[in-house]
Amino acid sequence: MNEAFVQLLCPDCEKDWEDGPTDLPAADDEFTCPDCGTERRTAEFMRTDRDLEVLKEMQTA
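As a starting point, this report considers the structure included with it.

Rules behind the numbers
- Residues numbered from 1 in each chain as written.
- Predicted model: local features only at pLDDT ≥ 70, side-chain atom pairs only at ≥ 80, totals over all residues.
- Heavy atoms only, no water.
- Helix = DSSP H or I, 4+ residues; strand = E, 2+ residues; numbered from the N terminus.
- Buried < 20%, exposed > 50% of the residue type's maximum accessible area, 1.4 Å probe, protein only.
- Contact = heavy atoms within 4.5 Å.
- Lys, Arg positive; Asp, Glu negative; His and termini not counted.
- Charge placed at Lys NZ, Arg CZ, Asp CG, Glu CD.
- Polar contact = N/O pair within 3.5 Å; in protein donor to acceptor, adjacent residues only side chain to side chain.
- Phe/Tyr/Trp six-rings, centres within 6.5 Å; stacked < 30°, edge-to-face > 60°.
- Pairing = 2+ DSSP bridges.

Quick look at the overall build of the protein chain now. Along its length, the protein chain carries 1 helix and 4 strands. If you list the helices and strands of the protein chain from N to C, you get β-β-β-β-α. Projected onto its principal axes, the C-alpha coordinates of the protein chain cover approximately 35 × 20 × 20 Å. Residues classed as buried in the protein chain amount to 30% of the 61 residues present. Partitioning the contacts of the protein chain with sequence separation of at least 6, the portion at a separation of at least 24 is 39%. Put simply, the protein chain has 6 plus and 17 minus side-chain charges, and the middle of one group is 4 Å from the middle of the other.

Here it is, written out as structure tokens:
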């Protein structure tokens, strides 16, 4: 099976990066930007709706 990645974008500092969805907290859990320390729900860091869908799919699988 291929490893899936989601694209993230910090809403405050605009850092963008990729991470594996299984390495991230659940969509409604708190997540902290590794650059600026902003704390928000993980869902708010997803770059696209598709990234959010992948995050939710991979965490329920």
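There's plenty left to go through after this.
Mapping Thr42 onto the fold places it in the loop between strand 4 (39–41) and helix 1 (49–60). A polar contact of 3.1 Å, which involves the side chain of Thr42, links it to the backbone oxygen of Ala26. If sequence neighbours within four positions are ignored, Thr42 has contacts with Leu24, Pro25, Ala26, Ala27, Asp29, Glu30, Phe31 and Leu55.

For the structure shown, the criterion picks out 3 aromatic pairs. Here the aromatic rings of Phe31 and Phe45 are separated by 5.0 Å at their centres, their planes lie at 80 degrees, and the arrangement is edge-to-face. One end of the pair, Phe31, is in strand 3 (residues 30–32); the other, Phe45, is in the loop between strand 4 and helix 1, and 14 residues separate them in sequence. Neither residue differs from the other here; Phe31 and Phe45 are each classed as buried. Within the aromatic cluster, the residues linked to one another by ring pairs are Trp17, Phe31 and Phe45.

Each regular strand carries side chains that alternate between the two faces of the sheet. Where strand 1 (residues 6–9) meets strand 2 (residues 16–19), 4 bridges bridge the pair, whose relative direction is antiparallel. The residue bridging Gln7 from the neighbouring strand is Glu18, located in strand 2. Taken together, strand 1 and the strand that follows it, strand 2, pair antiparallel across an intervening segment of 6 residues, in which Glu14 is found at a positive phi of about 65 degrees.

Further remarks concern the environment of Ala26. Checked against the element boundaries, Ala26 lands in the loop between strand 2 and strand 3. Here the alpha-carbon distance between Ala26 and Pro11, two residues 15 residues apart in the chain, equals 18 Å. In this view, Ala26 contacts Thr42 and Gln59; residues no more than four positions away in its chain are not counted.

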